[in-house]
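Residue-level structure breakdown
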Amino acid sequence: MKVLFVDVDTLRPDHMGCYGYQRETTPCMDSIAEEGIVFQNYYTTNAPCLPSRAALVSGRYGIHTGVVGHGGTAADMRLGGAKRGFSDEIGIHNLFNLFRKAGMRTASVSTFAERHAAWWFNAGFDETCNVGGCGMESADKVTPAALDWLSRNADQDNWCLHVHYWDPHTPYRTPSSFGEPFSDQPLSDPWITKEIFDQHYHHVGPHGAQEVNMWSDSTNPAFPRHLGRLENLDDVKYFMDEYDCGVRYTDDNIKQLVDLLKEKGIYEDTAIILTSDHGENLGELGLYAEHATADYPTCHIPMIIKWPGGVRGKKDNAMHANLDLAPTIEQLLGQSSNARWDGKSYARTITDGVEEGHDDIVINQCAHVCQRSVRFDKYIYIRTVHDGYHLFEDEMLFDVENDPHQIHNLAQTLPEVSAKGAKLILDWEYRMMKTSGSDVDPMWTVIREGGPYHAQEGNIDNYIKRLRETDRSEGAERLTERIQEGYYKY
């Protein structure tokens, strides 16, 4: 069997044609979707990059692995302790090792492990290729290495190649030679009105319209497409155009891989798995160019699977999580193990079209904020423990079917629905801690170590001064009050 696993960082499904986007951002990925299954309701359980791939590879929630953040204790896998055997658990039970156990040669073209010092990510690969750049490289640096590997191995049986593209990730880095393919096209969903943008312009917290570059409006000459500040709706459109450029540029590079498979005559017999680690804040909750929340746009991700002999042309509506993939692959490959997966296999969806998923999925974000949310029914309920200096309400509830950009917080309007969401999270926490090898919830480790990693990077006193200098004195006072009241100390 042959498997091409395409891992596109920061790819929002609602910016892909096969998920209903009107701009032609993903013609190649759309063609793959037509020959496989598009999973409409797929989520990362732990955002952003590092916690997400820890969940993907381990098939376990961060509350079990310990990886929920981007720094501090909660950025490392928990040690096995006294019960550790000759090898640790992640080295034995991981997604890519399933392919290896099935007799397949496994390889990865990715800089992820180096970027996050997450060397466990490489555990399931026979060989890895780091093209350099530490996650700042564009697709034209990745594709040649992937094409070279495919050219040398495509005619062999039994291989799995993982290819990782970063291009939709901030900073938007599509080469200038690619041009501006969307500059003359209207936005597919122009939901940011003048009134909404005015609210965004006065947002308090990093990565707002006046501080796209986190705490300031500075820009990097190496990334001219990436604005440091948005002043008006024209800037908003340009900003969206540049994100879409990154998506389309990635798609064009994926097409080179697909074309080679077709040239070799093995495309039909090759399984293709195409997914992402998380989405992106593109104005939602007042944030731009970041994946900083446990909300719907950040944690709703694409999953497309073309499986030889499997169902074709289907859109699956059941609810799934990224940690479901490991038990799914295990079942598809006819394996069995004593792995402690937290995920639930959906192999029958791929082979027979049977829709089976979760009733609800709990989501965590502890790198920019500390939030725990749950996706259920048509809602997402978000509980904020540390707001990352954004002045978020402690409880937020959104009807994501009718309000996907989360404009209307219904937490006070629908208290019974909020109560259901809160109970789902509480029940999940009890279940997870009962089955954990530790008595510590890593979200609280993040809090005890000073809060989310990215919220520690700025000088909050200087930021409050900046708020006052940029016509946001009221926000500066509210933030000052929270600090003085001890909101950020636990």
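Below is a summary of the structure that appears in this document. (Residues numbered from 1 in each chain as written. Predicted model: local features only at pLDDT ≥ 70, side-chain atom pairs only at ≥ 80, totals over all residues. Heavy atoms only, no water.)

What about empty space enclosed by the protein?
All told, the structure shown has two cavities of 30 Å³ or more when counted by the stated rule. Estimates place the volume of the largest cavity at around 60 Å³. What lines the largest cavity is Asp7, Tyr42, Ser52, Arg53, Leu56, Thr275, Ser276, Asp277, Ile301, Met303 and Asn322. Counting residues per element, the lining of the largest cavity draws most heavily on helix α2 (residues 49-58), which supplies three residues. (1 Å grid on protein atoms, 1.4 Å probe; cavity = no way out; pocket = protein on both sides within 12 Å on 5 of 7 lines; lining within 4 Å. Points joined across faces, edges and corners; volume = space filled by probe spheres on them. Helix = DSSP H or I, 4+ residues; strand = E, 2+ residues; numbered from the N terminus.)

Considerations on the side chain of His93
If you trace the backbone, His93 turns up in the loop between α4 (89-92) and α5 (95-101). A residue is classified by how much of its surface remains accessible, and His93, at 15% relative accessible area, is buried. With sequence-adjacent residues up to four places away left out, His93 is seen in contact with Val57, Ser58, Lys101, Ser337, Asn338, Ala339 and Trp341. (Buried < 20%, exposed > 50% of the residue type's maximum accessible area, 1.4 Å probe, protein only. Contact = heavy atoms within 4.5 Å.)

A word on the sheet that holds strand β7 (residues 270-275)
Strand order in the open sheet formed by eight strands is β5-β4-β6-β1-β7-β10-β2-β11, and the pairing between neighbours is mixed. Single-partner strands in this sheet number two, and they are β5 (127-129) and β11 (314-321). The mean inter-strand angle of the sheet, taken between neighbouring strand axes irrespective of direction, is 15 degrees. Two strands pair when backbone bridges link them, and strand β4 (residues 105-109) and β5 are joined in this way by three bridges, in the parallel orientation. The residue bridging Ser108 from the neighbouring strand is Thr128, located in β5. Its contacts with the sheet put helix α1 (residues 27-34) on β2 (37-43), β7 and β10 (303-306), and the angle it makes with β10 is roughly 55 degrees. (Pairing = 2+ DSSP bridges. Axes fitted to C-alpha atoms, helices over the stretch in contact; angles between N-to-C directions.)

So, the nonpolar core
Ile32, Leu161, Phe239, Ile254, Leu274, Tyr288 and Ile304 are the most contacted members of the largest nonpolar core, which totals 53 residues. If you tally residues by element for this core, the top one is helix α9 (residues 233-263), at 11 residues. In this view, Ile254 contacts Val6, Val8, Cys28, Met29, Ile32, Tyr165 and Leu274; residues no more than four positions away in its chain are not counted. Listed in part, the 41 residues of the second largest apolar core include Leu50, Val67, Phe121 and Ala326. (Core = buried A, V, L, I, M, F, W, Y, C linked by side-chain atoms within 4.5 Å.)

A look at the pattern of salt bridges
Per the stated rule, a full pass over the model turns up 35 salt bridges. Close ionic contact of Asp126 with Arg100 constitutes a salt bridge, the shortest N to O distance being 3.5 Å. Linking Asp126 in the loop between α6 (112-115) and β5 with Arg100 in helix α5, this pair joins segments that are 26 residues apart in sequence. Of the residues examined, Arg100 reaches a relative accessible area of 34% and is grouped as partly exposed. (Salt bridge = Lys/Arg side-chain N within 4 Å of Asp/Glu carboxyl O.)

Topic: the sheet that holds strand β12 (residues 360-365)
Pairing is mixed in the open sheet, where five strands are placed in the order β3-β12-β13-β14-β15. Each edge of the open sheet carries a strand with a single partner, namely β3 (46-47) and β15 (395-399). Relative to β12, β3 is paired through two bridges, and the arrangement is parallel. Following the sheet pairing, Asn46 is matched in β12 by Asn364. Relative to the sheet, helix α13 (residues 415-434) contacts β12, β13 (370-376), β14 (379-386) and β15, its axis offset from that of β13 by approximately 110 degrees.

As for the packing of aromatic side chains
The description of two aromatic rings rests on the distance between their centres and on the angle between their planes. Overall, the coordinates contain 24 aromatic pairs when judged by the stated rule. Centroid distance Phe239 to Tyr288: 5.4 Å. Interplanar angle 80 degrees. Geometry classified as edge-to-face. You can see Phe239 sitting in helix α9 and its partner Tyr288 sitting in strand β9 (residues 288-290), a full 49 residues away along the chain. Each member of the pair Phe239 and Tyr288 is classed as buried. Pairing Tyr487 with Tyr488 gives two aromatic rings, centres 4.9 Å apart and planes at 80 degrees, and the pair type is edge-to-face. Here Tyr487 matches Tyr488 in class, with each residue buried. Among the aromatic side chains, those forming a connected cluster through ring pairs are Phe5, Phe96, Phe99, Phe112, Trp120, Phe121 and Phe125. Above the face of the Trp166 ring, Arg53 is positioned so that its terminal group lies 5.9 Å from the ring centre. Over the face of the ring belonging to Tyr487 we find Arg482, whose NZ or CZ atom lies 4.4 Å from the ring centre. (Phe/Tyr/Trp six-rings, centres within 6.5 Å; stacked < 30°, edge-to-face > 60°. Lys NZ or Arg CZ within 6 Å of the ring centre and 35° of its normal.)

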